[in-house]
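# Breakdown of the fold
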Amino acid sequence: MAMQLPSQRSRGRRTPMAEINVTPLVDVMLVLLIIFMVTAPLLTAGVPVNLPDSRAKPLDQDQKPVQISMEADGKIHVGEDEVGQDILPDVLQQLATKTEGGQPPQVFLRADKSLDYGRVMRVMGELNRAGLNRVALVTIGDDGK
């Protein structure tokens, strides 16, 4: 019995190629990597605050909330704008007048975990005085978000 090698058996015919061409796959993966690298920084919040951990579930939202951030050094930001302690009541009063559907906007309060409890409560008192009673305290969940 003589063995025939594949090259002897199919001299005139072309055999199907058994290798997978991975070049298009690599190209697509690199494009996706670039897209994610460009869009990921745009998804983060504006003011970096060291938030405390919590096991609470995320809230359902019907409109875009106003974010108030309190940094460790005591600076207060309404959205992206830094606001002094003296003009904070006026800014909050202006926010309270912007109603959608008869309700004032919801406020997300992001306070650094190293802040004194009294400072956070002063800001919450100003929110209550301005009529902004829909306040949610933002924390970091179990998954780090």
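Use the structure listed above.
Treat the numbers as computed from the prediction; the structure is a model and nothing was measured.

All right, on to the overall build of the chain then. A tally of helices and strands in the chain yields 4 helices and 5 strands. Start at the N end of the chain and walk to the C end: the helices and strands fall as α-α-β-β-β-α-β-α-β. Put simply, the chain has 145 residues, and 26% of those count as buried. Of the accessible surface of the chain, which amounts to about 11400 Å², a share of 56% is contributed by carbon and sulfur atoms.

As for its position among the elements, E126 is in helix α4 (residues 117-130). On the basis of relative accessibility, which here comes to 16%, the residue E126 falls in the buried class. Residues in contact with E126, not counting those within four places in the same chain, are P89 and L92.

This next bit is on the nonpolar core. Counting residues in each nonpolar core, the largest one holds 20 residues, and the members touching the most others are I68, M70, V78, L92 and V123. Breaking this core down by element, the ones donating at least two residues are β1 (66-70), β2 (76-78), α3 (88-97), β4 (107-111) and α4. With 5 residues, the top contributor of residues to this core is α3.

Attention shifts here to the pairing of β1. The element β1 is largely enclosed, with a buried count of 4 among its 5 residues. Two strands pair when backbone bridges link them, and β1 and β4 are joined in this way by 5 bridges, in the parallel orientation. Pairing of M70 across the sheet is with A111, part of β4. The antiparallel pairing of β1 with β2 creates a hairpin that spans 5 residues between the two strands, and G74 there sits at a positive phi of about 95°.

What follows is about the pairing of β4. Taking burial as the measure, the 5 residues of β4 include 5 buried ones, the bulk of the element. The alternating pattern of β4 places V107, L109 and A111 on one face and F108 and R110 on the opposite face, and all of these are buried. Examined bridge by bridge, β4 and strand β5 (residues 135-137) share 3 bridges and lie parallel to one another. The residue bridging F108 from the neighbouring strand is A136, located in β5. One crossover worth recording links β4 to the parallel β5 by way of α4, and it is right-handed.

What follows is about the environment of G131. Along the polypeptide, G131 turns up in the loop between α4 and β5. On the basis of relative accessible area, G131 is assigned to the partly exposed category, the value being 29%. Sequence separation of G131 and Q93 is 38 residues, and the distance between their C-alpha atoms is 7.7 Å.

Strands sit in the order β3-β2-β1-β4-β5 across an open sheet of 5 strands; the sheet is mixed. Every interior strand has two partners, whereas the edge strands, β3 (81-83) and β5, have only one. On average, adjacent strands in this sheet sit at an angle of 25° to one another, irrespective of strand direction. In this sheet, β2 lies alongside β1 in antiparallel orientation, the contact comprising 3 bridges. In the strand pairing of β2, S69 is matched with H77. Across the sheet, α3 is in contact with β1, β2 and β3; its angle to β2 comes to roughly 20°.

Cut-offs and rules
Residues numbered from 1 in each chain as written. Predicted model: local features only at pLDDT ≥ 70, side-chain atom pairs only at ≥ 80, totals over all residues. Heavy atoms only, no water. Helix = DSSP H or I, 4+ residues; strand = E, 2+ residues; numbered from the N terminus. Buried < 20%, exposed > 50% of the residue type's maximum accessible area, 1.4 Å probe, protein only. Areas by Shrake-Rupley, 256 points an atom, 1.4 Å probe, with all protein chains shown as cover. Contact = heavy atoms within 4.5 Å. Core = buried A, V, L, I, M, F, W, Y, C linked by side-chain atoms within 4.5 Å. Pairing = 2+ DSSP bridges. Right-handed = clockwise from strand over helix to strand, strands pointing away. Axes fitted to C-alpha atoms, helices over the stretch in contact; angles between N-to-C directions.

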